[in-house]
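Commentary on secondary and tertiary structure
For reference, the chains in residue letters:
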Amino acid sequence: MSTSNTMAAPKLCALPALAALLSVMCGCTTLTTNSIPAPRLPAHLAPESRAAKLPIDLTLLRQQPPKHYVVGPRDTLGIYIPGVLPLEKDTNLNTIQAVVPPIAYVGIFPNREQYPSQGPIVSPSVGIPLTVTDDGTLLLPLIDPLPVAGKTLQQIVEDIRAVYTQKQILSQSAARIIVSLIKPRTHRVLVVRQDSALDNPTQTSVLAKFVTKRGQARIIDLPEYENDVLHALITTDGLPGLDAQNEVWVLRSRDVDTEQIGSAVERIEAGEDPNIVLTKVKAERRHTRIPLRVTPGQPLPFSNQDVILENGDVVVVWGRETEFYFTGGLLTGGQIPLPRDYDLDVLGAISLANGAVHGLSGGNAPTALRGAVGSVIPPTRAIIIRTLPNGEQMKIRV
């Protein structure tokens, strides 16, 4: 007996999620009453094929970085202006002396263990570290705040040279200015996953249910131009496993502070339902569903902009605990997970339940039929009890 309706195989005898498969003997008419023969099943009741869907191009889950880095708020730049930054003592600013500029050496961010997505500084960078303010300006000595958001490093060099030469602080020929990127801005994202880790695989034996998994969540900092869905999945153990749905949800958050995110993580790690926790976070959200397998020819339900993540966004990978079918009748009663990426027909479902469609005797009979009438007389009929979207049940006779 099923409790929900999800995708399944297109074949008339295919099993949908949470369906009951009952092998019966010829002459048993109780379950066949008011049943529909499989060849007469209406087309609109046939389940959607899983095997017909193909994996999407994974490059669609990442953003394409520009040819030249575009500066924005929270970027850390290395600035070197001869005679000005760093400030040199007893130096005539109109007569620049040869001075070796400071170098920011390659290093590891101090919070790498907590935020493993962060790597080393991009490259050895020259200049005094200065952070672009939230309003997109750079605070430099002797001049007003300089707007730099939306500009490349070379454009910022030209702007600095123009301002300082216009104010006659530097001469055009002496302005050997250097602007480098020390640390790109990052975007803090919460990733919630309900699939099993590699060291905790899901059990799929005949009589076993899905392993109960505690909700897991991680806060990660994604550098600019790597703040997309693909990088978020790779940073948190890769693509969804077979015990997870073949899709990713992105909850767009606005005005979510660090305290709200931290509290949500603690509650999820304590065992609370992620659905309940996330709905209680007081923030404006826009939901985006990103399927990882699609039917060829159908338009994608998301755009390039939808895969880009911003501060406070939540990436969710839901589990598949409800996608299974039950067995009964001559088959040993059980609850068996449905395949995620391919279709399952009646013969395959019987095989997964260690059953058979032919009569065997003695020790050659499957355990499910050994000692039963099915070990002598082969079963001739199977009944699929399918739950429809409106909650009603339908019997399909095979």
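Starting afresh in each chain, residues are numbered from 1 along the sequence in its written order. Totals for whole chains, interfaces and linings use all residues, but because this is a predicted model, local features are given only for residues with pLDDT of at least 70 and pairs of side-chain atoms are given and counted only at 80 or more. Hydrogens and water are ignored here; the side-chain numbers use all heavy atoms of the structure.

**Remarks on the overall build of the protein chain**
Spelled out, the test is: Helix numbering and strand numbering both begin at the N terminus, where a helix is a DSSP run of H or I of at least 4 residues and a strand a DSSP run of E of at least 2. Categorising residues by exposure relies on relative accessible area from a 1.4 Å probe, with only protein chains included: less than 20% of the type maximum marks a residue as buried, more than 50% marks it as exposed, and the intermediate range marks it as partly exposed. By the convention used here, residues are in contact when the closest approach between their heavy atoms is within 4.5 Å.
Each helix and strand in the protein chain was counted, giving 5 helices and 20 strands. Counting the 398 residues in the protein chain, one finds 48% classified as buried. In the protein chain, once contacts between residues fewer than 6 apart in sequence are set aside, the share between residues at least 24 apart is 72%.

**Structural notes on helix α1 (residues 153-166)**
An α-helix turns once every 3.6 residues. As a result, residues three or four positions apart point the same way. Defined as follows: The span one expects for a helix is its residue count, reduced by one, times 1.5 Å. Each direction from the helix axis to a C-beta atom contributes to the arc, which is the arc of those directions.
Over its 14 residues, α1 extends 20 Å from the first C-alpha to the last, a length consistent with the 20 Å expected when each residue adds 1.5 Å. If you check which residues of α1 are buried, you get Ile156, Val157, Ile160, Arg161, Tyr164 and Thr165. Looking straight down α1, one finds its buried side chains confined to an arc of 155°; they lie on one side. In this structure, the buried side of α1 is in contact with β4 (76-80), β9 (146-147) and β10 (178-183). Just beyond α1, the residue with positive phi is Gln168, at close to 60°.

**Considerations on the packing of aromatic side chains**
Put simply, the rule is: Aromatic contacts are taken between Phe, Tyr and Trp rings whose centres are within 6.5 Å, Trp giving its six-membered ring; a plane angle under 30 degrees counts as stacked, one over 60 as edge-to-face, and the others as tilted.
In this structure the tally under the stated criterion is 2 aromatic pairs. Considering the side-chain rings of Phe324 and Phe326, the 5.2 Å spacing of their centres and the 80° angle between planes classify their relative orientation as edge-to-face.

**Description of the confidence of the model for the protein chain**
Just so we agree on the cut-off: As a per-residue measure, pLDDT tells how confident the predictor is, with possible values from 0 to 100.
Considering every residue of the protein chain, the mean pLDDT works out to 75; 67% of them sit at 70 or more. Throughout residues 93-98 the model reports pLDDT below 50, and contacts reaching past four residues in sequence, or to other chains, amount to 8 contacts. In the predicted structure, residues 106-122 sits below a pLDDT of 50 and forms 30 contacts with residues beyond four places in sequence or in another chain.

**Side note on the pattern of salt bridges**
Stated formally: Think of a salt bridge as a Lys or Arg side-chain nitrogen and an Asp or Glu carboxyl oxygen that are within 4 Å of each other.
What the rule picks out here adds up to 13 salt bridges. The residue Arg289 makes a salt bridge to Glu247 at a minimum N-O spacing of 2.6 Å. Of this pair, Arg289 sits in strand β14 (residues 284-291) while Glu247 sits in strand β13 (residues 247-254), placing them 42 residues apart in sequence. Glu247 sits in the buried class, given a relative accessible area of 11%. Through salt bridges with shared partners, a single ionic network connects Arg50, Arg320 and Glu323.

**Describing the sheet that holds strand β7 (residues 128-131)**
The strands that make up a sheet are held in pairs by hydrogen bonds between backbone atoms, and each pair lies either parallel or antiparallel. Threshold: Note on pairing: two strands pair once DSSP finds at least 2 bridges between them. Fitted lines through C-alpha atoms give the axes, limited to the stretch in contact for helices. The angle between two N-to-C directions lies from 0 to 180 degrees.
Overall, antiparallel pairing links the 3 strands, which are arranged β7-β4-β10 in an open sheet. Among the strands making up the open sheet, the edge pair consists of β7 and β10. Between one strand axis and the next, the sheet turns through 35° on average, direction left out of account. Sitting on the sheet, α1 touches β4 and β10, and the angle it makes with β10 is about 135°.

**Side note on unusual backbone geometry**
With phi around 80°, Arg74 is a residue other than glycine that occupies positive phi space. Examined against the element boundaries, Arg74 turns out to sit in the loop between β3 (54-55) and β4. If you check the backbone angles, Asp237 has positive phi at about 80° while not being a glycine. For Asp237, the position within the fold is in the loop between α2 (229-235) and β13.

**A word on the environment of Arg267**
On the secondary structure map, Arg267 appears in helix α3 (residues 258-269). Given a relative accessible area of 24%, Arg267 falls into the partly exposed group. Along the sequence, Arg267 and Val277 sit 10 residues apart, while their C-alpha atoms lie 7.2 Å from each other.

**Looking at the pairing of strand β16 (residues 314-317)**
Of the two faces of β16, the one lined by Val314 and Val316 and the one lined by Val315 and Val317 are each fully buried. For strand β11 (residues 186-193) and β16, the ladder comprises 4 bridges, and the chain directions are parallel. Considered in β16, the bridge of Val191 is made with Val315.

**Digging into the nonpolar core**
Inside soluble globular proteins, nonpolar side chains tend to come together where they are buried. Which entries qualify depends on this criterion: Residues belong to one nonpolar core when they are buried, are Ala, Val, Leu, Ile, Met, Phe, Trp, Tyr or Cys, and are joined through side-chain atoms within 4.5 Å.
Ranked by size, the top nonpolar core spans 24 residues in total, and within it Leu77, Ile79, Ile81, Leu140, Ile160 and Tyr164 carry the most contacts. Elements supplying a minimum of two residues to this core: β4, α1 and β10. Looking at this core element by element, the count peaks at 4 residues for α1. Apart from residues no more than four positions distant in its own chain, Ile79 is found in contact with Leu85, Val126, Gly127, Ile128, Leu130, Leu138, Leu140, Ile160, Ile178 and Val179.

**Observations concerning the pairing of strand β17 (residues 324-329)**
In this sheet, strand β18 (residues 334-337) lies alongside β17 in antiparallel orientation, the contact comprising 4 bridges. Across the sheet, the residue bridging to Thr327 is Gly334, located in β18. What sits between the antiparallel neighbours β17 and β18 is a turn of 4 residues.

**Observations regarding the environment of Thr288**
Residue position: Thr288 is located in strand β14. Through-space distance from the C-alpha of Thr288 to that of Val307 is 8.8 Å; in sequence the pair is 19 residues apart. For Thr288, the contacting residues outside a window of four places in its chain are Val248, Trp249, Val250, Arg252, Phe302 and Asp306.

**Details of the side chain of Arg320**
The criterion, for reference: Under the rule applied, a polar contact is a pair of N or O atoms within 3.5 Å (in protein, one hydrogen donor and one hydrogen acceptor; residues adjacent in sequence only if both atoms are side-chain atoms).
Residue placement: Arg320 occurs in the loop between β16 and β17. Relative accessible area serves as the criterion here: at 3%, Arg320 is assigned to the buried category. In terms of polar contacts, Arg320 uses its side chain to reach the side chain of Glu323, at 2.9 Å.

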